[in-house]
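# Reading the structure
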Amino acid sequence: MTKTSDIPSERPEVDPTGMVSAASKANAWFVREVLPLENLLLKFLRRGWRNESDVRDLCQDVYVGVYAAAQVEIPVYAKAFVFAVARNILVERIRREQIVSIEAVADLEELGLATDEPGPDKSAIARQELRRLQAALDRMPKRWREAVVMRKVQGMSRPEIALRLGIAEATVSQHLAAGMAALATLFHDDADDQRGHS
Amino acid sequence: MNPAENPTLPKADIAQAAAAAWLERRERGSWTSADQADFDTWLAQSPAHVVAYLRLEDVWARANRLKSLDRPKMQRFLSATRWSRVTRMAAVLVLAVGAGWWAIHTYPSAPQDAVYATDVGQRESLQLADGSQIELNTDTVLRVSRGEGAKTVTLVKGEAYFDIKHNAQRLFIVKSGDDRVVDLGTKFLVRRNTDHLKVAVFEGSARLDAKGPGAAMQSAVLMPDDVAVASGGTLSVTRKPSQTARDDMAWRRGELVFRYTTLADAAAEFNRYNQKKIVVRDAQIAQLEIGGTFGMHDVAQFSRLAHHLLGVQVTDTGTDIILSR
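Residues numbered from 1 in each chain as written. Chains lettered and ligands numbered in written order. Predicted model: local features only at pLDDT ≥ 70, side-chain atom pairs only at ≥ 80, totals over all residues. Heavy atoms only, no water.

### Brief notes about the overall build of chain B
A tally of helices and strands in chain B yields 10 helices and 16 strands. In chain B, buried positions account for 45% of the 325 residues. For chain B, long-range pairs separated by at least 24 residues make up 45% of all intrachain contacts whose partners lie at least 6 apart in sequence. Of the roughly 16300 Å² that chain B leaves accessible, carbon and sulfur atoms contribute 54%. (Helix = DSSP H or I, 4+ residues; strand = E, 2+ residues; numbered from the N terminus. Buried < 20%, exposed > 50% of the residue type's maximum accessible area, 1.4 Å probe, protein only. Contact = heavy atoms within 4.5 Å. Areas by Shrake-Rupley, 256 points an atom, 1.4 Å probe, with all protein chains shown as cover.)

### Section: helix H3 (residues 47-62) of chain B
Residues and elements named next belong to chain B. With 16 residues, H3 extends 22 Å from end C-alpha to end C-alpha; this agrees with the ideal 22 Å at 1.5 Å per step. Extensive coverage of H3 is indicated by the burial of 13 of its 16 residues. Taking the backbone nitrogen of Ala-48 as reference, a side-chain oxygen 2.8 Å away marks Ser-46 as the first, capping residue of H3. (Expected span 1.5 Å × (residues − 1). Polar contact = N/O pair within 3.5 Å; in protein donor to acceptor, adjacent residues only side chain to side chain.)

### Notes on the sheet that holds strand E15 (residues 313-316) of chain B
Residues and elements named next belong to chain B. An order of E13-E16-E15 is seen for the 3 strands of this open sheet, with the pairing classed as mixed. In the strand order of this sheet, the two ends are held by strand E13 (277-280) and E15, each with one partner. The mean angle between the axes of side-by-side strands here comes to 20°, regardless of whether they run parallel or antiparallel. Pairing geometry for E13 and strand E16 (residues 320-324), over 4 bridges, is parallel. What sits directly across from Val-280, in E16, is Leu-323. (Pairing = 2+ DSSP bridges. Axes fitted to C-alpha atoms, helices over the stretch in contact; angles between N-to-C directions.)

### Section: helix H8 (residues 158-165) of chain A
All names here are of chain A. Along H8, 7 of the 8 residues are buried, which leaves the element largely enclosed by surrounding structure. Every buried residue of H8 is listed here: Arg-158, Pro-159, Glu-160, Ile-161, Ala-162, Leu-163 and Leu-165. Phi turns positive one or two residues past the end of H8, at Gly-166, with a value near 65°.

### Details of a nonpolar patch on the surface
All names here are of chain B. Among the surface-exposed residues, Leu-184, Val-221 and Met-223 lie close enough to one another that they form a single nonpolar patch of about 240 Å² accessible area. Structurally, Met-223 is set in the loop between strand E9 (218-222) and strand E10 (226-231). Residue Met-223 is classed as partly exposed on the basis of its relative accessible area, which comes to 40%. (Patch = residues over 30% accessible without salt bridge, like charges linked within 9 Å, V, L, I, M, F, W, Y side chains within 5 Å. Salt bridge = Lys/Arg side-chain N within 4 Å of Asp/Glu carboxyl O.)

### With respect to the packing of aromatic side chains
Enumeration over the complete set of coordinates arrives at 18 aromatic pairs over all chains. Pairing Phe30(A) with Tyr63(A) gives two aromatic rings, centres 5.3 Å apart and planes at 80°, and the pair type is edge-to-face. With Phe30(A) in helix H1 (residues 21-34) and Tyr63(A) in helix H3 (residues 52-72), the pair connects residues that are 33 residues apart, well separated along the chain. Using a relative accessible area of 0% as the deciding quantity, one classes Phe30(A) as buried. With centroids separated by 5.7 Å and ring planes inclined at 90°, the aromatic side chains of Phe30(A) and Tyr67(A) adopt a geometry described as edge-to-face. With Phe30(A) in helix H1 and Tyr67(A) in helix H3, this residue pair connects regions lying 37 residues apart in the sequence. Accessibility assignment for this pair places Phe30(A) and Tyr67(A) in one class, buried. The rings of Trp22(B), Trp31(B), Phe39(B), Trp42(B) and Tyr53(B) are connected pair by pair, giving a single aromatic cluster. Arg132(A) extends its terminal NZ or CZ atom over the ring of Phe187(A), reaching a point 4.1 Å from the ring centre. (Phe/Tyr/Trp six-rings, centres within 6.5 Å; stacked < 30°, edge-to-face > 60°. Lys NZ or Arg CZ within 6 Å of the ring centre and 35° of its normal.)

### Some points on the confidence of the model for chain A
All names here are of chain A. On average, residues of chain A carry a pLDDT of 75, and 71% of them reach 70 or more. Across chain A, the secondary-structure element scoring lowest on mean pLDDT is helix H10 (residues 191-197), at 45, and the one scoring highest is helix H9 (residues 169-188), at 90. A low-confidence stretch, residues 112-118 (pLDDT under 50), is modelled with 15 contacts involving residues beyond four sequence positions or located in other chains. Low confidence marks residues 193-198, where pLDDT is under 50. Its contacts with residues over four positions away, or in another chain, come to 4 contacts. (pLDDT = per-residue confidence, 0-100.)

### Quick notes on the nonpolar core
Residue and element names in this part refer to chain A. Ranked by size, the top nonpolar core spans 74 residues in total, and within it Phe-30, Leu-41, Leu-45 and Leu-183 carry the most contacts. No other element matches H9, which puts 10 residues into this core. For Leu-45, the contacting residues outside a window of four places in its chain are Val-55, Leu-58, Cys-59, Ala-86 and Leu-90. (Core = buried A, V, L, I, M, F, W, Y, C linked by side-chain atoms within 4.5 Å.)

### A short note on the pattern of salt bridges
Enumeration over the complete set of coordinates arrives at 31 salt bridges over all chains. Between Arg62(B) and Asp58(B) there is a salt bridge, with the nearest N and O atoms lying 3.1 Å from each other. Of the two residues, Arg62(B) and Asp58(B) are both situated in helix H3; the distance of 4 residues between them amounts to about one turn of the helix. What you see here is one network of salt bridges that share partners, running through Arg151(A), Arg158(A), Glu24(B), Glu27(B) and Arg28(B).

### Section: the pairing of strand E3 (residues 133-136) of chain B
Residues and elements named next belong to chain B. Here strand E2 (residues 124-127) pairs with E3 via 4 bridges, running antiparallel. Residue pairing across strands places Ser-125 opposite Glu-135, the latter belonging to E3. Connecting the antiparallel pair E2 and E3 is a turn made up of 5 residues, with Gly-131 showing a positive phi of about 95°. Strand direction decides the pairing type here: E3 and strand E5 (residues 151-163), joined by 4 bridges, are antiparallel. Bridge pairing links Gln-133 to Asp-163 in E5.

### Some remarks on the side chain of Asp282(B)
Residue and element names in this part refer to chain B. In this fold, Asp-282 is placed in the loop between E13 and helix H9 (283-286). Looking at Asp-282, its side chain comes within polar contact range of the main-chain nitrogen of Gln-284, at 2.7 Å. Here Arg-325 takes part through its side chain, which lies 3.1 Å from a polar atom of the side chain of Asp-282.

### Digging into the packing of H9(A) against helix H1 (residues 11-27) of chain B
Between H9(A) and H1(B), the shortest axis-to-axis distance is 8 Å and the interhelical angle comes to 125°. Judged by the inter-axis angle, H9(A) sits oblique to H1(B). Like other packed secondary-structure pairs, H9(A) and H1(B) cross with a definite hand, here right-handed. Here H9(A) contributes Ser173(A), Leu176(A), Ala177(A), Met180(A), Ala181(A) and Thr185(A) to the contact with H1(B), which in turn contributes Gln16(B), Ala20(B), Ala21(B), Leu23(B), Glu24(B) and Glu27(B). Tallied by class, the residues present in the contact of H9(A) with H1(B) amount to 7 nonpolar, 3 polar and 2 charged. (Parallel < 35°, antiparallel > 145°, perpendicular 65-115°, else oblique. Left-handed = near helix turned anticlockwise from the far one by under 90°. Nonpolar A, V, L, I, M, F, W, Y, C, P; charged D, E, K, R; others polar.)

### Some remarks on the packing of H8(A) against H9(A)
Residues and elements named next belong to chain A. The contact between H8 and H9 brings their axes to 9 Å, and the two run at 100°. Taken together, H8 and H9 sit at an angle that is classed as roughly perpendicular. Contact with H8, carried on its side by Arg-158, Pro-159, Ile-161 and Ala-162, involves Glu-169, Val-172, Ser-173 and Leu-176 of H9 and no other residues of that element. Here the residues of the contact of H8 with H9 are counted per class, giving 5 nonpolar, 1 polar and 2 charged.

Written as C-alpha cells, this is what we have:
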C-alpha cells in the first residue's frame, strides 16, 4: 500500500487456523459437532446453575474440557459426551461451592439431550441458520450491525465502510470485531431474545 | 479439567474479545509472518483461546449465508429503527457522553475525496453504494469524488476494471489526465500509461472523450470488444477478438496470459506486479516470442520456461532475474 491512502488488502475469507494437522482434526470435529449444541448447552447450564453471570464461563469450561478430550481421542457420541462433561463440571462446581441444587443433577434423559438423534435435513438447517443470523443482527447494536452487514452482505472493504459511515478505519475494525463476537453469542443463544420479548 | 483460577473474572468474555480482535485482524489482510507467530503464541497459551477462536470463526463463516438476503431486508438492517435493549443503553450512554462525540459521528469529516491506492503486486476491489464495483490492479491510484451530480472517479495512475450499475440520472465518469470515459451502462477496463490511455469495453457501451493540450476534443462510443487508445488528443479504436481482449483482464484472477508476446513485453508485464524485476539483457532475445498463462508473481516459473523453450540463460541476482544469451 502506498502512503496516499490506506486500504489494507481484504481477504475474502479467513483461512483455517493453520494449526498442526493432529489438532485440526479435533478442530473440525469441534466446529461441526460441538458448537451447534451451544444453545442446548446454555439451557442445560442455566437449569443447573442459577447465577447467570457464571453461565458463559461454565460454557467455556465445558468447551475446553471437551476440546482437550477430543485431542486425545474424538468421542463417538458428541452430544452425549458434551452433556456428560457439562454435568461433571456442574457437579464439581456445586461440591466446591457447597451449594445444593436439585436441578443441577436433573436427568439428562429428561431434557432429551443424551442421545444423538438425527437432526433436520440440510435445507431446513440452512433456512433456520439464516433466520437465526437475521435475528442475531436484529438484536445487535446499530453501529456493529452496519459494519457487519456492509462487510458480509455487501462485501465492502474496511476503507469503503469507513467512507460510508464517516468514521475512521480503526473504528470500523473495532465495530467489526465487536460485531463478530456479538454475532456468535447471539447466534448461539436465543435466551436474551425469549426474555426480552416475554 | 482445571477449575477456574479466579471464578469472579469473566474469562469467557476476555477470551472472546481477544479472539474477535484476532479474527478481525486476520481478515484485514497485510498479515505478516510475525503476526502469524504472535497468533500461534496466543493460541498455544490456552485451549480456551482455541475454542473461542474456532467458535467465532465458525459463525463468521456461516454469516456468508446473509449474502442471500434480498435488498429490502438488507436495507432494513442498515437503517433499522428496531432497537434492542442493548442499543437503547448504548444510546443513553452516547447522549451522556455529550454533544462533541455526537457531532463527529453524525457529520463525517469534510466531503473530501477518497483516495484508494495499491502497491506493486497488490489488487483491491471496491464496492460503491450503488452496487457498482471497481477493481484496482497493481500500482494504481484512484480518487473517488464525493460531490453531488455525476459520480467522478479519477484514475491517477495504473489500471482499474469497472463494473458500473448504470444510472441515467447520475452518470459515472472516469477521468484520467485530460481524457475521460463516460459510462453508458457497462463493464470496462481503463489503463493509464505514461503517454496514453487505453480503454477496453466488455459489456454495454462507454464513451471515450480524448483531449490533448490545446486540441479539440475527440469522442468515440465504444462497444464490446472495442479497444481504444487516446494519446495527446488523438484517439484510435480497434476491435480485438473477445479472447484477446479478455486476456487483458487475466490479472483479475491473479494471472497473466501471453500469446506470441515478445519477451520484452512479457517481462514488462511481470515487472508491473513484482518487486523482483526481469531484465532482458539482449536486444535479439527481447524479440523472441512466448505464450502461456502464468501466476502474476510466478517469475521463477516464467524464467524457467523461457530457459527451456527459448534457450535463454537465466541468472538470479537476488534482486533481479537476468535473461541473457
